[in-house]
Amino acid sequence: MAAQFKSNVRLREEKGFGSVSMKRLIFCGVGAVLVFMVLRFTPLSGVALPLLVVVFILLLVLTGSRGGLPLWQRLLLGLRGVLVLAAARKPHGAAAQVAQMLNLDPTIVHLSQSLLFKSKYKAVTDTDWSEWVIFANLEEAEGARGLRFIKEIGHKEIGHKEIGHKEIGHGEPL
Amino acid sequence: MSRFRKDHLVPRTVLIEPFDLAMHGTEERLILLQNRFALWLRGLGGPARFVTWQMPADLSPRVQYVTEMAEAADNHCRRALLVEYRRHYELLQSDANYQRASCGLAVWSDPSQTARALARSVAGSFDTFAMEAPWPALFTGDYELREPGGGYRGWHLAPVGSPGGRPLYAFLSSHQFQPTIWDFRRPFKSLLSRGFPLAVCIDIPKTWDQNDAINELESVVQAYSVHLATLRGEDSRSIKKVNDCRQALEELNMGDALHDVQIVVALTAPNTRTLRDRVDEVVKLVKPWFGLRAEIGEAQSEAAKFFGTHSTKSIAVPHTTWPVVSRELALLFAPLGLRKLAGLDGTLRGEDAGGAYPVFHNSWRDKRATHEVWVGGSGYGKVRRTAA
């Protein structure tokens, strides 16, 4: 009744240097070298080498994972959160303009039970005509969402079929 | 399944009645239960979601029902018995802080498959009652996103307008499953034993096609083999990864499916300081089994959608799923075996194995012919209970 859970068998994370994986080292190295190469063609070529080291360290820090997310993503999520909150609180403010520019949706700030937990496909669920409940005797159907006989207007006995929550054939004579 | 069909999957929801895991008290019965769950999970073709809600509950509806029955009773013996029942329920209620555990399952399937067919399949495989029904709402009224502050350093949801006893919510998502031993009791029993309302969602956004899963894992094994062959020195994590991949491959070749899974926990608290304490408590509690992170920013609002029938793709949170095989995923359905105060319909049958909750059961709800055998010593209360 127990199972030994496994490591993430779909994730490749070969050993690099210390706790930094090879994949992350290569990404940071390539990023820093790209910045170095671009800077060599600009008037800032004198500081290209120190910047290479700075960018490498910066990328290492920004890609450091906590809670399954790298630092840059956590910062970005926090920033987006602050922006949508500000946009929702002041719909005509500068934050709202920036949010609109970045295609952020400030309405996500407000959650309504009726919208969030509404079953979108209820109609499909409840109107399945192939799922008729079949009873061996009419007595069984009484009060069990099946075929029922009721007295109706004008002292006429009429039929009333009910399937799930959907009523059909209301008022049809049997 | 073709892309066309995947785009047209619709969610079917069922509510499942939890049972008492103590009824499967022996090791053999628990293995059988795990196999039953795993067999059903192997057949998953599309996304699925299992949710358990642990909310405060009391016996008031039952007390009211018994009171009405007593008022309507013609027989004075029956009336006296019902009054006695009412007193018993009130006595239970006065000493208890009950919670109700409800479980729901949503499966995204072809429109031609009905919720009733799903309910039948679940009831047959999980050996418990399941009925097609929309899921209950996680919270009532309107809520809004709040930034960190007021004693809690994380983002959270707060009720809008008059709180009226409505709590704050914080959503935590899993990002890592620890390579350790899980069973039906650990870690969910301790998590759901907390005395506060919470909800747990096991989201299964993808069940891999068996051939695709095998190819995927074989490519990982191949890549690691090359890495290990060229490595000078020790890389214990890579060796463990290769072993895990080979074991997963063996299980896949024995018929298991590979599922991507993420656990989302919704925690509630009356104020931010309590919310902070509860978040810390839960994160620390489950850390030996899986890592949880508090969702940041708008992801906190989006995470609430996990407790409805929104498809995982439409929920804008960082999806940090973990691949597990069916026999492992079966253990994540453990909340089904933690009944608590499940329902008040039927006859009072006694207490759960822990003695913490009264157990009610209605044998006649689906109008089947039912035979019950009541066994007990003299004076146990068989006749009186049957008469009630």
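Residues numbered from 1 in each chain as written. Chains lettered and ligands numbered in written order. Predicted model: local features only at pLDDT ≥ 70, side-chain atom pairs only at ≥ 80, totals over all residues. Heavy atoms only, no water.

Draft legend 1. Representation of the overall build of chain B within the structure. Secondary structure summary: chain B contains 12 helices and 14 strands in total. Expected size for 388 residues packed as a compact globule is a radius of gyration near 21 Å; at 24 Å, chain B falls within 12% of this value. Seen along its three principal axes, the alpha-carbon backbone of chain B occupies a region of about 85 × 50 × 45 Å. Out of the 388 residues in chain B, the part that is buried amounts to 51%. (Helix = DSSP H or I, 4+ residues; strand = E, 2+ residues; numbered from the N terminus. Rg over C-alpha atoms; globule rule 2.2 N^0.38 Å. Buried < 20%, exposed > 50% of the residue type's maximum accessible area, 1.4 Å probe, protein only.)

Draft legend 2. Highlighting the layout of surface pockets. Taken as a whole, the second largest pocket holds about 1400 Å³ of empty space. Lining the second largest pocket are 41 residues, with Leu 11, Glu 13, Ser 65 and Gly 68 of chain A together with Gln 176 of chain B positioned closest to its centre. The leading source of residues in the lining of the second largest pocket is helix α8 (residues 236-253) of chain B, at 4 residues. Grouping the amino acids of the lining of the second largest pocket by side-chain chemistry returns 11 nonpolar, 18 polar and 12 charged. (1 Å grid on protein atoms, 1.4 Å probe; cavity = no way out; pocket = protein on both sides within 12 Å on 5 of 7 lines; lining within 4 Å. Points joined across faces, edges and corners; volume = space filled by probe spheres on them. Nonpolar A, V, L, I, M, F, W, Y, C, P; charged D, E, K, R; others polar.)

Draft legend 3. Representation of empty space enclosed by the protein. Under the definition given, this model contains 2 cavities of 30 Å³ or more. Lining the second largest cavity we find Lys 6 and Val 9 of chain A together with Ala 248, Leu 258, Pro 323, Val 324, Val 325 and Glu 328 of chain B.

Draft legend 4. View of the packing of aromatic side chains. Across all of its chains, the model carries 23 aromatic pairs over all chains by this definition. Each ring, one from Tyr 85 of chain B and one from Tyr 89 of chain B, has its centre 5.8 Å from the other, and the planes form 40°; the classification is tilted. Residue Tyr 85 of chain B and its partner Tyr 89 of chain B are located together in helix α4 (residues 76-95), separated by 4 residues, close to a single helical turn. Considered together, Tyr 85 of chain B and Tyr 89 of chain B belong to a single accessibility category, that of buried residues. With a centroid separation of 5.7 Å and 50° between ring planes, the pair formed by Tyr 89 of chain B and Phe 360 of chain B is classed as tilted. Separated by 271 residues along the polypeptide, Tyr 89 of chain B in helix α4 and Phe 360 of chain B in strand β14 (residues 358-361) bring together distant segments of the chain. Across the pair, Phe 360 of chain B and Tyr 89 of chain B agree in class, each one buried. These aromatic residues form a ring-pair network of at least three members: Phe 5 of chain A together with Phe 177, Trp 182, Phe 188, Phe 290 and Trp 322 of chain B. Sitting over the ring of Trp 208 of chain B, Lys 206 of chain B keeps its end group 3.8 Å from the ring centre. (Phe/Tyr/Trp six-rings, centres within 6.5 Å; stacked < 30°, edge-to-face > 60°. Lys NZ or Arg CZ within 6 Å of the ring centre and 35° of its normal.)

Draft legend 5. Expanded view of the pairing of strand β6 (residues 156-159) of chain B. Residue and element names in this part refer to chain B. What you see with β6 is no split at all: His 156 and Ala 158 on one side and Leu 157 and Pro 159 on the other are buried throughout. Relative to β6, strand β5 (residues 142-146) is paired through 4 bridges, and the arrangement is antiparallel. The residue of β6 that forms the bridge with Arg 146 is His 156. (Pairing = 2+ DSSP bridges.)

Draft legend 6. Structural context of the pairing of strand β11 (residues 290-294) of chain B. Residues and elements named next belong to chain B. Counting buried residues in β11 gives 4 out of 5 residues, a clear majority hidden from the surface. Pairing between strand β7 (residues 168-177) and β11: 5 bridges, direction antiparallel. Looking across to β11, one finds that Leu 172 is bridged to Ala 294.

Draft legend 7. Summary view of unusual backbone geometry. Look at the link from Arg 186 of chain B to Pro 187 of chain B: it is a cis peptide, with omega at 5°. By secondary structure assignment, the location of Pro 187 of chain B is in the loop between β8 (181-183) and α6 (188-192). One non-glycine residue, Asn 103 of chain A, adopts positive backbone phi at about 60°. With respect to the secondary-structure elements, Asn 103 of chain A resides in the loop between α4 (94-101) and β6 (110-112). One non-glycine residue, Asp 127 of chain B, adopts positive backbone phi at about 55°.

Draft legend 8. Representation of the interface of chain B and chain A in the model. Contacts between the two partners involve 78 residues from chain B and, on the opposite side, 51 residues from chain A. Here chain B packs against chain A, burying approximately 5800 Å² in sum over the two surfaces, 58% of which is carbon and sulfur. Per-residue buried area on chain B facing chain A is highest for Arg 116, Ile 296 and Glu 298 of chain B; these three make up 11% of the total on that side. In this structure, the connection of chain B to chain A is made through 6 salt bridges. In this structure, Arg 80 of chain A engages Glu 298 of chain B in a salt bridge whose closest nitrogen and oxygen atoms are separated by 2.4 Å. Where chain B touches chain A, the interface holds 24 residue pairs in polar contact (both at pLDDT 80 or more). Bridge count for strand β1 (residues 2-4) of chain A against β8 of chain B is 3 bridges, and the pairing is antiparallel. (Contact = heavy atoms within 4.5 Å. Buried area = accessible area lost by both parts, 1.4 Å probe. Salt bridge = Lys/Arg side-chain N within 4 Å of Asp/Glu carboxyl O. Polar contact = N/O pair within 3.5 Å; in protein donor to acceptor, adjacent residues only side chain to side chain.)

Draft legend 9. Here's a closer look at helix α2 (residues 27-42) of chain B. Residues and elements named next belong to chain B. Taking 1.5 Å per residue, 16 residues should reach 22 Å; α2 reaches 22 Å between its end C-alpha atoms and fits that length. Of all the positions in α2, only Leu 30, Leu 33, Gln 34, Phe 37, Ala 38, Trp 40 and Leu 41 are classed as buried. Buried residues in α2, looked at end-on, bunch into an arc of 160°, giving them a common side. Facing away from the buried side of α2, by more than 90 degrees, are the exposed residues Glu 28 and Leu 39. (Expected span 1.5 Å × (residues − 1). Arc of directions from axis to C-beta.)

Just geometry here; none of it tells us what the structure is for.
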